[in-house]
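Residues per chain are reported as follows:
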Amino acid sequence: MPVLQLSGVNKVFSVGRFPTVRHLRVLNAVSLEIAEREVLGLVGESGSGKSTLAGVISRLSLHDAGEVRLEGALVPKRLSRRQELAYRRRVQLVFQDPYASLNPAKSIHHAVARPMAIHHLPDTSADLLESCGLSPAARYLQRRPFELSGGERQRAAIARALSVRPRLLLADEPTSMLDVSIRLDVMNLLADLREREGLSLLFITHDLAAARYLSDRVAVMYAGHLVEIGPAREVVERPLHPYTQLLRQAAPKPEQGLEAEHLAVAGEVPDLANLPPGCPFAPRCPKAQPTCREALPGFVQVAAGHQVRCVLYS
Amino acid sequence: MKAALRSRWAQAGLVILAIFVLVAALAPVIAPYSPTNSSFSPLASPSLRHLLGTTQLGQDIFSQLVWGTRGTLEIGFLTGLFATALGVLVGIGGGYLGGPTDSVLNALTNVFLVIPGLPLIIITAAYITTKSQLPIILIISFTGWAWGARVLRSQTLSLRQREFILAARLVGESPLRIVVSEVLPNMLSLIAANFIGAAIYGILSAAGLQFIGLGNVNAVTWGTMLFWAQSQGALLSGAWLWILAPGAAIALVGTALGMLNFGIDELTNPRLRAGVKKLPKPVPAGTPEVGALLSLQEIEAGYQTAAGPLTAVRGVSLAVKPGEFLGIAGESGCGKSTLAFAALGLLRPPGAVYRGSSYLAGVDLLALTPAQRRPYLWRDASFVFQASMNALNPVIRVRDHVLDTARAHGLPPAEAIERATALLQQFEIPAHFLDAYSFQLSGGMKQRVVLALSLLLRPKLILMDEPTTALDVVVQRLIMQQIEWILGELGVSIVFITHDFSLLVEISDRIAIMYAGTVVEQGPAAEIYAHPLHPYTQGLIRSFPPMSGERQVLHGIPGHPPGLGEKLSGCPFFARCSARLEGVCDQAVPALLAQGDQHTVACHLYGQPPPVAAPTAVGEAR
């Protein structure tokens, strides 16, 4: 049974005030599953809705339509305080910016031990910090965030998320604010936790190479739509959706020699308040056909576990 | 809070305040007489018996002043307490809870903000008949809390969206606990400032009210002293100390509290902190490299802090030839941005260049005054920073940015618009965007507008610091293609600073790698990528997971770079280096030495044979 199942999840943000309210359709019929001990990479540019999806799964904001199932059980929108706490014990989130996600006025011990106290768990903060690579833990427990480097802070933030022993960890761009030379080791820590703790992981990133490095499967989002999902190596090395192909082309690839591919794409990400009727990528797509602008294409199964939302493959 | 008390202003304020508190506490000991004892001869001049003379009613002014300290400080302290408590409750409560609660509380705050406080106080105070000071304290608190509530609310609103608050919600913390133990500790200095502000307001308002005879005029405070002095015609009868003494005391307490608040301000705004002084011009160094357009010589730069000067750039020399693309790669804190600002003399206090020269076509920019430097900037060398796109003024149109730039450098407006139109077209921005405001442009478009502006005066060099970092990969790639065009078609030299080494390889002629304020390796891009020599460069290149090939476990570089203030006795990379030579690398700073044609590296593994040879380590590193 998958740890998490989303089916047809929609989320609309209303911005502005009457009479100029704009309804941004940030998530549009998003369906996906995360299996036990699986790392699902979620790739997309800013505004693609990937962080909103993490927000919905972590219940920082509630979806407008669709279903969220945790370990097979439907999660209702309204939860009692007890149900809410039970959900929080199972699903945790690591934020992008370790400089903002730890309270500057509080010690690392507070960050890690307070969740244990809320959930009536024994205080194992020292062991937890050690297992997240903050060793010796005694050196870190009483420190405050400003005394730690960026990498150490992110490890502390990961430790906090793990303090309630969740089943599913959402990591929202956990390495993008970190220095290049320490990103790999934070990703290695996440891979390690999956092995050791049997965690499932939603790894959100804008970096295809990082998604390929850490994930079992990769899902690609564009303008609030899932456009491609499949085994990590297949999606990244042989992308099928024109948008995934564009992402791959645009990424710096020093290992492929010094001649860069020339990008020929115009236009910008569509206005989420005014999404085009068909495929959201059609206005920019070099391979777009007239039918693309009429209706949103459905998912096409192209190989085992590899699905693309594009008419080119139907 | 402790840091705030370290400020000289705060210390001076505290000392004055402490004296007053002491006087208030020891009033019965200090004051020679009872303040209400009217058995002395009226209007006596100052003497040893009556230090400040006596009043018309024959009371000792000095005793009144001492006892009045009690009443006045009591008013200040209690008003501060009540007004702050109300402000915290309404401001933080509403701000955190949001929704209808916030709407109601915010409306209430707004009403109290526009109620004319003084008339309300006067009217209400007129109905008070009790002898206690409490009613007047309550009235002042009640009319004075709204400003604090407004400030605290907006701060709470911004904290509420901060990720550490979201994280507390995520682990299941209750709203009350979040406010008390996550939000409040981050607002202590604001609350303290609010308390002090309210105390000043309380003391001044109470003095004002009592001066015009409201409240209990028979209580002994500085305000009532002024009331009696005024009504008994103190000045007419020459008893000017009767008015001056309480007046000066009020002013002094107000000043002391103000100084305390200034100390808190310094804490939140380091620019106000003492010690940031204008520095002399940096000591010039070296001579411009032959054939270079920009030649940096031994630049040392950093930041003046309360704890002493920090060094961010530790002696960097670099050169850029005409038409060349120099990429500078390094991680956060390596000094690359400080170097960029220093190179064009743009470093503002507390930043400072301590030493070195920056020769632009032979002219040392750092030896010039800002006014002398101005004509060179933008005309000969322009710059695009990560923040540039957000620095576009939102209330003027792109066209006005173009015209402003043209006017500042004497370019005819018609020609400026013509050039700008051509540049925008080149960057695939339709000409009608000349009349757009910056908020109507996407991030990528804004950065392209900035690029166009930087090219307006046809400079010979553009310095770019992380110009694509905040942008998405696709936009980043498009902008890199446009930068390539600038390089190829316009022959402009470009210095491109980034944390993303992978971005540089394709486009750079030469790459310099910075670590801990120094250049550790420099050479032709292809050479650096294919044969990196410095262990740091090797680690950096290995840190990018590839897009193809078998997946395997890779490792970054353990540890983290030395801090800005740290004194380095040897190689700055020593602590993280896997090929380090104990006893060599931690003893002497390696010099940047040539390794083959145009490739230089600062590492003891190369160059002169180290005194203690460690062949295996050398082999591994290669």
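Note on numbering: residues in each chain are counted from 1, in written sequence order. Naming scheme: in the order in which they are written, chains are lettered from A and ligands are numbered from 1. Thresholds applied to this predicted model are a pLDDT of at least 70 for local features of residues and 80 or more for the giving and counting of side-chain atom pairs; totals over whole chains, interfaces and linings are not thresholded and use all residues. Side-chain figures throughout are based on the complete set of non-hydrogen atoms in the structure, without hydrogens or water.

Time to look at the interface of chain B and chain A. Each partner contributes to the interface: chain B provides 57 residues, whereas chain A provides 65 residues. Defined here as a combined quantity, buried area equals the accessible surface (1.4 Å probe) lost by two parts on assembly, summed across both. Carbon and sulfur atoms make up 54% of the area that chain B and chain A hide from each other, which totals about 5,500 Å². It is Leu170(B), Met547(B) and Arg551(B) in chain B that bury the most area against chain A; as a group they hold 17% of the surface buried on that side. The working definition used for a salt bridge is a side-chain nitrogen of Lys or Arg within 4 Å of a carboxyl oxygen of Asp or Glu. Counting across the interface, chain B meets chain A through two salt bridges. Between Arg114(A) and Glu173(B) there is a salt bridge, and its shortest N-O distance comes to 2.7 Å. In the analysis that follows, any N or O atom pair within 3.5 Å is treated as a polar contact, provided that within protein one partner can donate a hydrogen and the other can accept it, and provided that, for residues neighboring in sequence, both atoms belong to side chains. On inspection of chain B and its partner chain A, the count reaches 30 residue pairs in polar contact (both at pLDDT 80 or more). Each helix corresponds to a stretch of at least 4 residues labelled H or I by DSSP, and each strand to a stretch of at least 2 residues labelled E; elements are numbered beginning at the N terminus. Those elements giving two or more residues to the side of chain B that touches chain A turn out to be α9 (163–170), α10 (175–183), α19 (443–455), α20 (473–490), α21 (501–505), α22 (525–530) and α23 (535–542) of chain B. Amino acids outside the nonpolar list (Ala, Val, Leu, Ile, Met, Phe, Trp, Tyr, Cys, Pro) and the charged list (Asp, Glu, Lys, Arg) are all regarded as polar, and Gly is one of them. Residues belonging to the side of chain B that touches chain A are distributed by class as follows: 23 nonpolar, 18 polar and 16 charged. For this analysis, residues touch if any pair of their heavy atoms sits within 4.5 Å.

Angle between the axes and distance between the axes: these two values describe a pair of packed helices. Residue and element names in this part refer to chain B. Contact geometry of helix α5 (residues 99–114) with helix α8 (residues 146–160) gives a least axis separation of 8 Å together with a crossing angle of 140 degrees. Between α5 and α8, the crossing angle belongs to the class labelled oblique. The hand of the α5/α8 crossing is left-handed. Mapping the contact onto sequence places Asp102, Asn106, Thr109, Asn110, Phe112 and Leu113 in α5 and Ala146, Trp147, Ala149, Arg150 and Arg153 in α8. Tallied by class, residues from the contact of α5 with α8 come to five nonpolar, three polar and three charged. Orientation is described by lines fitted to C-alpha atoms, with helices fitted over the stretch in contact, and by angles between N-to-C directions that extend from 0 to 180 degrees. For classification purposes, angles smaller than 35 degrees are called roughly parallel, those larger than 145 roughly antiparallel, those between 65 and 115 roughly perpendicular, and all remaining angles oblique. Crossing handedness is read from the near helix: turned anticlockwise from the far helix by less than a right angle, it gives a left-handed crossing, and turned clockwise, a right-handed one.

So, about the sheet that holds strand β11 (residues 593–594) of chain B. All names here are of chain B. Between any two strands, pairing holds if DSSP finds at least two bridges. Across the sheet, eight strands lie side by side as β6-β7-β8-β3-β9-β10-β12-β11; this open sheet has mixed pairing. At either margin of the open sheet sits one strand with a lone partner, and together these are β6 (381–385) and β11. Here strand β3 (residues 325–329) pairs with strand β8 (residues 493–498) via five bridges, running parallel. Note on β8: the bridge partner recorded for Phe325 is Ile494. The strands touched by α20 are β3, β7 (461–465) and β8; relative to β8, the strand with the most contacts, the crossing angle is about 150 degrees. In the packing of α23 onto the sheet, contacts are made with β9 (510–515) and β10 (518–524), and the angle to β9 comes to roughly 105 degrees.

With an omega of -5 degrees, the peptide bond running from Ser135(A) to Pro136(A) counts as cis. Relative to the elements of secondary structure, Pro136(A) occurs in the loop between α4 (125–131) and α5 (137–141). Pro349(B) connects to Pro350(B) through a cis peptide bond whose omega is 5 degrees. Topologically, Pro350(B) is positioned in the loop between α14 (336–343) and β4 (351–360).

Take the packing of helix α3 (residues 108–118) of chain A against helix α6 (residues 150–162) of chain A next. Residue and element names in this part refer to chain A. Two elements in contact, α3 and α6, have axes whose closest approach is 8 Å; the angle formed by their N-to-C orientations is 15 degrees. Between α3 and α6, the crossing angle belongs to the class labelled roughly parallel. The two elements α3 and α6 meet at a crossing, and its hand is right-handed. Here α3 contributes Ile108, Ala111, Val112 and Pro115 to the contact with α6, which in turn contributes Ala156, Ala159 and Arg160. In terms of residue class, the contact of α3 with α6 is built from six nonpolar, no polar and one charged.

So, on to α10(B). Of the positions making up α10(B), those classed as buried are Ile178(B), Val179(B), Ser181(B), Glu182(B) and Val183(B). Packed against the buried residues of α10(B) are α3 of chain A together with α4 (61–97), α8 and α9 of chain B. Between buried and exposed lies partly exposed: a residue is buried under 20% and exposed over 50% of the maximum accessible area for its type, with that area taken using a 1.4 Å probe on protein chains only.

With that out of the way, let us pick up the sheet that holds strand β10 (residues 225–231) of chain A. Residues and elements named next belong to chain A. Ordered in space as β6-β7-β8-β3-β9-β10-β12-β11, the eight strands form an open sheet in which the pairing is mixed. Where the open sheet ends on each side, the last strands, each with one partner, are β6 (91–94) and β11 (300–303). Each strand of the sheet is rotated relative to its neighbour by a mean of 20 degrees, with strand direction disregarded.

What follows is about the pattern of salt bridges. All names here are of chain A. Enumeration over the complete set of coordinates arrives at 30 salt bridges over all chains. Note that Asp216 is salt-bridged to Arg194, the shortest N-O span being 2.8 Å. With a gap of 22 residues between them, Asp216 in the loop between α8 (208–214) and β9 (217–222) and Arg194 in helix α7 (residues 180–197) connect regions that are remote in the sequence. Among the charged side chains, a salt-bridge network with shared partners connects Glu36, Glu71, Arg90 and Arg167.

The next point concerns the confidence of the model for chain B. Detailed conclusions should not be drawn from predicted coordinates in areas where pLDDT is low. Confidence of the predictor at the level of single residues is given by pLDDT, which spans 0 to 100. Residues of chain B with pLDDT of at least 70 account for 94%, and the chain-wide mean is 86. Under the prediction, the complex receives an ipTM of 0.91, its pTM being 0.86.

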